[in-house]
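Coordinate inspection notes
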Amino acid sequence: MVERALPEAAVMATPLAEPAIARRRFAGLLAVFREPRVVFAGGFLLVLLLAAIFAPLVAPHDPLEQDLMLNTLPPAWSADAEPGYVLGTDSLGRDVLSRLIYGTRVAFTVAIVAALAAGLIGTLLGLLSGYFGGWVDAVVSRLIDIWMAFPPVLLSILLVAVIGTGVTSVILAIVVIDWTRFCRVVRSETLQQAKMEYVDAAVTLGTGRGKILLKEVLPNVLPVVVVLLSLEMGIAVIVEAVLSFVGLSVSSDTPTWGGMIAEGRQIIYQAWWVLVFPLVLLTATVLAFNQLGDGVRRLTDPVLRR
Amino acid sequence: MRKLPLAFLPWRSLLLALVTLFGVAVISFVLLRVVPGDPIAMMIAPGASQADIAQLRASYGLDRSIPVQFVIWLGHALTGDFGTSISMRQDVTHLIAERLPATIELTLLALLIALVLGIGTAVLSTLSRRRLVGGTIDNANGILLAVPDFVWALAFVVLFGVALPILPISGRVDPRLSIDFATPFTLFESLLRLRLDITFDVLSHMIMPALALALPLAAVILRVLKGALEVEARQDYALLARIRGKSRLRVTLEETLRNALIPTLALTGVQFTFLFGGTVIVERIFAYPGIGNLAIDAVINRDLPLIQGLILTFGLIFILINLAVEASFGLLNPRLRHG
Amino acid sequence: MMVPAPLLAIDGLSARLRAPPHRPLLRSVCLDVREGEVHGLVGESGAGKSTIGKAVLGILPRAIEPCGGTIRLSGTDLLGLSPARLDAVLGTEIALIPQDPMTALNPSRRIFDQLTDGLRLKRRLRGQALRDKAVALLQDVQIPDPEAVLRRYPHEISGGMRQRILIAAAFSLDPKLIIADEPTTALDVTVQKEVLRLIRKMQRSHGTGVVFVTHDLGVVAQVCDRLTVLYGGMVVEQGETAAILAAPSHPYTRALLDATPRHDRTGSGMRPIPPQVAAALQAELARYGMGPGAHV
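This is a predicted model, so every value here is computed, not measured.

Assigned secondary structure in chain C consists of twelve helices and ten strands. Against the 2.2 N^0.38 benchmark of 19 Å for 296 residues, chain C shows a C-alpha radius of gyration of 20 Å, consistent with a compact globule. A principal-axis box enclosing the C-alpha atoms of chain C has dimensions of 65 × 50 × 45 Å. The burial tally for chain C puts 51% of its 296 residues in the buried class. Counting contacts in chain C only where the partners sit at least 6 residues apart, residues at least 24 apart contribute 66% of the total. Carbon and sulfur atoms provide 54% of the accessible area of chain C, an area that totals close to 13600 Å². For chain C, the centre of its 35 positive side-chain charges and the centre of its 29 negative side-chain charges are spaced 3 Å apart.

Let us now look at the overall build of chain A. Helix and strand counts for chain A stand at eleven helices and zero strands. In chain A, buried positions account for 51% of the 306 residues. Summed over all atoms, the accessible surface of chain A reaches about 14100 Å², with 68% contributed by carbon and sulfur.

A few words on the interface of chain A and chain B. By convention, interface size is frequently given as the accessible area that disappears when the constituent parts associate. Tallying the contact residues gives 41 residues for chain A and 47 residues for chain B. For the pair chain A and chain B, the two sides together bury roughly 3700 Å², of which 79% comes from carbon and sulfur. Summed over the shared surface of chain A and chain B, the result is zero salt bridges. Counting the contacts that link chain A with chain B gives two residue pairs in polar contact (both at pLDDT 80 or more). Secondary-structure elements contributing two or more residues to the side of chain A that touches chain B are α1 (7-13), α6 (152-163), α9 (209-246), α10 (257-266) and α11 (273-300) of chain A.

A few words on a nonpolar patch on the surface. All names here are of chain A. A surface patch of nonpolar side chains, amounting to about 600 Å² of accessible area, comprises Leu46, Leu50, Ile53, Phe54, Leu57 and Val58. Elements with a contribution of two residues or more to the nonpolar patch: α2 (36-53) and α3 (55-58). Examining the composition of the nonpolar patch, we find that three residues originate from one element, α2, more than from any other. Here valine 58 lies in helix α3. On the accessibility criterion, valine 58 (44% relative accessible area) is partly exposed.

Attention now moves to the sheet that holds strand β9 (residues 226-231) of chain C. Residue and element names in this part refer to chain C. Spatial strand order, β6-β7-β8-β3-β9-β10: six strands in an open sheet with mixed pairing. The strands lining the two open edges of the sheet, one partner per strand, are β6 (94-97) and β10 (234-240). Taken pair by pair, the neighbouring strands of this sheet meet at an average axis angle of 15°, ignoring direction. Of the pairings in the sheet, the one linking β6 to strand β7 (residues 177-181) comprises four bridges and is parallel in character. Bridging from a neighbouring strand, isoleucine 94 pairs with leucine 177 of β7. Across the sheet, helix α1 (residues 49-57) touches β3 (38-42), β6, β7, β8 (209-214) and β9, and the angle it forms with β7 is around 145°.

This part is about the pairing of strand β1 (residues 8-17) of chain C. Residue and element names in this part refer to chain C. Strand direction decides the pairing type here: β1 and strand β2 (residues 24-33), joined by six bridges, are antiparallel. Looking at the pairing, leucine 13 lines up with valine 29 of β2. Where β1 folds back onto β2 in an antiparallel hairpin, the turn is made up of six residues, including histidine 22, whose phi is positive at roughly 55°. Across eight bridges, β1 lies against strand β4 (residues 64-73) in antiparallel orientation.

A few words now on the sheet that holds strand β5 (residues 76-77) of chain C. Residues and elements named next belong to chain C. Sheet architecture is open: four strands sit in the order β2-β1-β4-β5, paired in antiparallel fashion. Two strands close off the open sheet at either side, each with one partner strand: β2 and β5. Where β4 lies against β5, two bridges are found, and the strand directions are antiparallel. Counterpart to leucine 73 in the pairing with β5 is threonine 76. Here α1 sits on the sheet and contacts β1, β2 and β4; the angle it forms with β1, its principal contact strand, is near 110°.

With respect to the secondary-structure elements, threonine 279 of chain B resides in helix α11 (residues 248-285). Once residues lying within four places of it in the same chain are set aside, the contact partners of threonine 279 of chain B are Thr103, Thr107, Leu213, Arg284, Gly292 and Phe314 of chain B.

Moving on to the environment of leucine 32 of chain B. As for its placement among the helices and strands, leucine 32 of chain B is situated in helix α1 (residues 11-33). Apart from the residues lying within four places of it in its own chain, the contact partners of leucine 32 of chain B are Val162 of chain A together with Leu304, Ile307, Gln308 and Ile311 of chain B.

Now for helix α7 (residues 149-163) of chain B. Residue and element names in this part refer to chain B. Here α7 spans 20 Å end to end across 15 residues, near enough to the 21 Å set by a 1.5 Å rise per residue. Counting buried positions over the 15 residues of α7 gives twelve, a clear majority of the element. Residues of α7 that are buried include every one of Asp149, Phe150, Val151, Trp152, Ala153, Leu154, Ala155, Phe156, Val157, Val158, Gly161 and Val162, and no others.

Okay, α11 of chain B next. Residue and element names in this part refer to chain B. Counted at 1.5 Å a residue, the expected span for α11 with its 38 residues is 56 Å, but the 43 Å between its end C-alpha atoms falls short. A bend of about 55° at threonine 256 is the largest found in α11. Within α11, 29 of the 38 residues are buried, which leaves the element mostly enclosed by the surrounding structure. Note on α11: the residue one or two positions beyond its end, alanine 287, has a positive phi of about 50°.

What follows covers the interface of chain C and chain B. Contacts between chain C and chain B engage 26 residues on the former and 22 residues on the latter. Contact between chain C and chain B buries roughly 2300 Å² in total, counting both sides, with carbon and sulfur atoms accounting for 52%. The three residues of chain C that bury the most area against chain B are Arg62, Ser108 and Leu121 of chain C, which together make up 20% of that side's buried surface. Counting across the interface, chain C meets chain B through three salt bridges. Two residues, glutamate 255 of chain B and arginine 109 of chain C, come together in a salt bridge whose shortest N-O distance is 2.6 Å. At the boundary of chain C with chain B, the tally comes to seven residue pairs in polar contact (both at pLDDT 80 or more). Elements represented by at least two residues in the side of chain C that touches chain B include exactly α4 (117-122) and α7 (159-171) of chain C. For the side of chain C that touches chain B, the element with the most residues is α4 of chain C, which contributes three residues. Looking at the side of chain C that touches chain B residue by residue, the class counts come to twelve nonpolar, six polar and eight charged.

Before going further, it helps to spend a moment on the state of the cysteines. Taken as a whole and assessed by the stated rule, the structure comprises zero disulfides over all chains. With no disulfide of its own, cysteine 30 of chain C has cysteine 67 of chain C as its nearest cysteine by sulfur position, at a separation of 14 Å.

Our next topic: the confidence of the model for chain C. With 91% of its residues at a pLDDT of at least 70, chain C reaches an overall mean of 84. Overall fold confidence (pTM) sits at 0.80, and the ipTM for the predicted complex is 0.78.

Turning our eyes to something else, we now look at the pattern of salt bridges. A complete count under the given rule lists 33 salt bridges over all chains for this structure. For the salt bridge of arginine 298 of chain A with aspartate 294 of chain A, the shortest nitrogen-to-oxygen distance reads 3.6 Å. With arginine 298 of chain A and aspartate 294 of chain A both in helix α11 and four residues apart, this pair spans about one turn of that helix. The class of arginine 298 of chain A is partly exposed, set by a relative accessible area of 24%. Where aspartate 32 of chain C meets arginine 226 of chain C, a salt bridge forms, and the shortest distance between an N and an O atom there is 2.9 Å. A residue pair is termed long-range when its members are at least 10 positions apart, and aspartate 32 of chain C in strand β2 and arginine 226 of chain C in strand β9 qualify at 194 residues.

The rules behind each value
Residues numbered from 1 in each chain as written. Chains lettered and ligands numbered in written order. Predicted model: local features only at pLDDT ≥ 70, side-chain atom pairs only at ≥ 80, totals over all residues. Heavy atoms only, no water. Helix = DSSP H or I, 4+ residues; strand = E, 2+ residues; numbered from the N terminus. Rg over C-alpha atoms; globule rule 2.2 N^0.38 Å. Buried < 20%, exposed > 50% of the residue type's maximum accessible area, 1.4 Å probe, protein only. Contact = heavy atoms within 4.5 Å. Areas by Shrake-Rupley, 256 points an atom, 1.4 Å probe, with all protein chains shown as cover. Lys, Arg positive; Asp, Glu negative; His and termini not counted. Charge placed at Lys NZ, Arg CZ, Asp CG, Glu CD. Buried area = accessible area lost by both parts, 1.4 Å probe. Salt bridge = Lys/Arg side-chain N within 4 Å of Asp/Glu carboxyl O. Polar contact = N/O pair within 3.5 Å; in protein donor to acceptor, adjacent residues only side chain to side chain. Patch = residues over 30% accessible without salt bridge, like charges linked within 9 Å, V, L, I, M, F, W, Y side chains within 5 Å. Pairing = 2+ DSSP bridges. Axes fitted to C-alpha atoms, helices over the stretch in contact; angles between N-to-C directions. Expected span 1.5 Å × (residues − 1). Bend = angle between axes of the 7 residues up to and from the residue. Nonpolar A, V, L, I, M, F, W, Y, C, P; charged D, E, K, R; others polar. Disulfide = S-S within 2.5 Å. pLDDT = per-residue confidence, 0-100.

As structure tokens, this is what we get:
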């Protein structure tokens with residue numbers, strides 16, 4: 001039988017041990033600060049989030065303001081730089097730094113909404129199919145198998161081409177493609193949890209099945225979901241960047257990191273900074289989401305706790 | 001006496017694959033036609049009359065009902081005719097056939113690099129006794145896994161195309177070279193004909209995109225294989241081999257590697273299809289003339305016949321990859337041989 | 001009368017867990033195996049018999065460290081050898097018959113390849129000479145139709161046959177010493193006797209010394225010339241098998257013997273260790289800081 005494991009299944013399952021049998025809930029939110037990954041990655045992402053929210057206050061210029069007299073200016077530390085344009089300007093004279101900051105808005109909007117939506121749907125289906133089994137499980141499992149046969153980037157491009165461009169389409173595309181990531185893991189977690197004794201105890205006490213699912217199983221599945229959410233946000237940022245690189249995301253007025261990268265690619269020899277800065281920021285953001293998820297996982301996996 | 005190679009072929013999976021391909025064709029056909037956005041609208045010249053538009057529509061068969069359209073399309077497809085591209089005015093089959101070899105060469109090169117890097121590093125890391133080596137590799141690998149192929153591609157463009165301009169960042173061959181080969185498999189043919197100047201030139205164009213595609217795959221291979229090798233090294237047969245006086249290198253290469261490759265291959269197979277999907281973006285970044293690049297143009301232009309043809313091409317490739325992976329299981333694990 | 005120098009001389013061997021609190025596993029174990037002798041190493045699980053075997057073979061897990069004593073094979077101290085020299089000694093001078101024949105064979109390699117590993121590596125045999133030798137080895141362990149078996153994979157043959165192949169592999173390079181680590185424990189009772197007889201036969205014809213690790217005194221009675229009884233990492237009794245089994249001097253040996261069902265004594269069967277014996281044992285062990293619950 002060909003085993004089709006998702007990449008993140010490999011990441012999560014090897015070489016570290018499977019999540020242990022008993023899970024303790026967070027010992028208060030302060031426990032979060034024990035893990036350096038969470039602190040640094042989380043801090044970085046928080047700064048970006050704040051920059052996105054307060055963009056009009058933080059950005060030095062209007063991201064859409066063109067000034068052809070000041071186009072392709074190099075970053076502030078270069079010879080021909082103009083004061084006030086810290087990271088230089090693009091071919092239309094727009095400030096790179098400001099566009100980066102405003103680009104954070106699209107990135108985070110997509111990341112948060114898409115991840116939450118995919119997480120919600122995937123977790124719900126995972127819980128249901130893992131707990132109730134039967135035909136529900138059979139149908140969902142089959143769906144997952146089919147879904148996973150397609151590479152995500154290709155599928156997302158196709159989907160957006162079908163649905164049309166815009167932020168909503170991008171989010172929809174990500175959700176449609178990646179809900180399986182949550183569903184699969186939550187389902188297997190639920191299956192494990194459902195066999196636990198405390199569930200049997202609740203059943204014998206007469207608690208309704210739906211209530212058990214909500215009050216007993218869900219809280220224990222939650223840590224895994226949180227880790228996946230972080231991972232998913234990283235993926236969402238990438239997918240959005242790819243789509244806007246190709247020109248299938250938001251309208252070309254709105255600044256996006258992917259769009260900047262696309263433009264930067266065209267003028268790479270003349271103005272390398274237009275590609276490099278958004279690329280670096282994109283990579284750092286994705287790595288941050290990843291490390292955040294990794295850190296949360298280490299915090300909640302009792303086997304790994306020192 | 002060895003069993004016949006036919007025992008390796010998973011016949012049941014072959015049948016399933018064909019059914020899947022048909023399913024893909026149907027689904028994509030329907031999806032593309034219920035789509036908002038009118039390809040005809042993109043093609044017409046301003047001032048065209050309604051009659052002209054209607055005629056254009058009819059010539060592409062877009063005025064019939066969907067099932068009818070599908071049957072017509074299927075009939076043509078079975079003879080190898082996938083229609084004409086709306087945006088490029090050329091035969092779809094011809095367009096794909098022109099560019100597919102370039103993508104095949106690129107992905108095969110990427111696969112080779114990924115296997116060498118991934119397997120090599122995994123074997124080396126299990127041979128080193130120091131725990132620091134293993135830990136460092138694990139950490140670096142964790143970060144490597146998070147970086148997608150298109151970030152690598154862009155980084156390479158900056159680093160080796162601009163910062164240190166040692167490699168070309170677009171195209172497949174230097175336009176100044178005169179190449180008159182029989183096949184579009186330029187790299188392969190240049191090796192056969194010993195035109196090493198062309199080989200070198202093509203490789204210099206391919207190495208960055210191939211590396212960008214290879215690194216994420218190499219990271220996955222490393223992760224899984226390293227773990228599997230560590231598990232196998234603790235098995236009794238491996239210990240017994242050591243007791244027989246085999247060096248650790250020999251034990252790894254002759255005993256544990258073939259068992260450790262079994263789970264590795266399963267994952268590599270899936271990841272390789274993702275790699276193929278990645279060519280869409282990476283080829284675009286490097287302006288490499290493969291089907292990935294073609295796919296983006298097709299999608300942007302809503303070129304239905306071309307999109308349909310490409311979906312089937314990709315679908316067929318994925319199916320072939322999965323079949324190859326399944327066949328290789330028989331090779332590695334004697335307990336799974338069919339017949 | 002001069003007793004010839006023993007083949008294997010373990011002198012004062014001690015071992016303990018590497019991590020604090022360094023629980024001791026072996027305490028000053030002395031035992032020697034003469035050439036051509038089958039020496040039984042008896043004790044319950046956790047007594048330390050496997051640890052001694054692993055120490056001799058140089059495969060002690062990282063968690064265990066030797067902390068004293070020597071293991072001399074024909075005069076050479078095995079504990080002091082470099083990894084390269086040890087690799088040379090293993091296989092040619094010492095070999096192992098493992099406990100579980102299923103996991104001891106690589107499921108992905110043919111029997112022929114695994115059987116002839118040593119011959120190819122150490123004796124540099126190739127081609128027809130190698131094939132002939134492999135067939136001869138299988139005939140020695142009484143496997144019918146050796147050519148066919150050689151082509152097979154481990155999952156295609158029975159457990160008893162796998163153990164015979166492992167025995168053949170162990171004897172293939174004519175080692176001076178073989179460690180047999182509970183070789184019949186994983187086999188059916190019906191097959192056990194056959195395999196024991198086979199080991200005895202091979203050992204006699206090759207003149208090999210054998211350290212026979214087991215927890216079963218019945219097996220010891222059948223195969224071993226002399227034996228060492230181990231409890232809690234210490235030697236409690238040592239000597240000629242017949243003598244010990246007829247008249248054991250140590251209370252633990254007596255208890256072991258009593259626990260072994262025997263057809264020639266009525267009313268025998270398992271009895272718990274009498275409290276006086278247990279107490280005496282604990283006291284003795286406590287003097288050395290060993291035994292269950294001991295802290296060092």
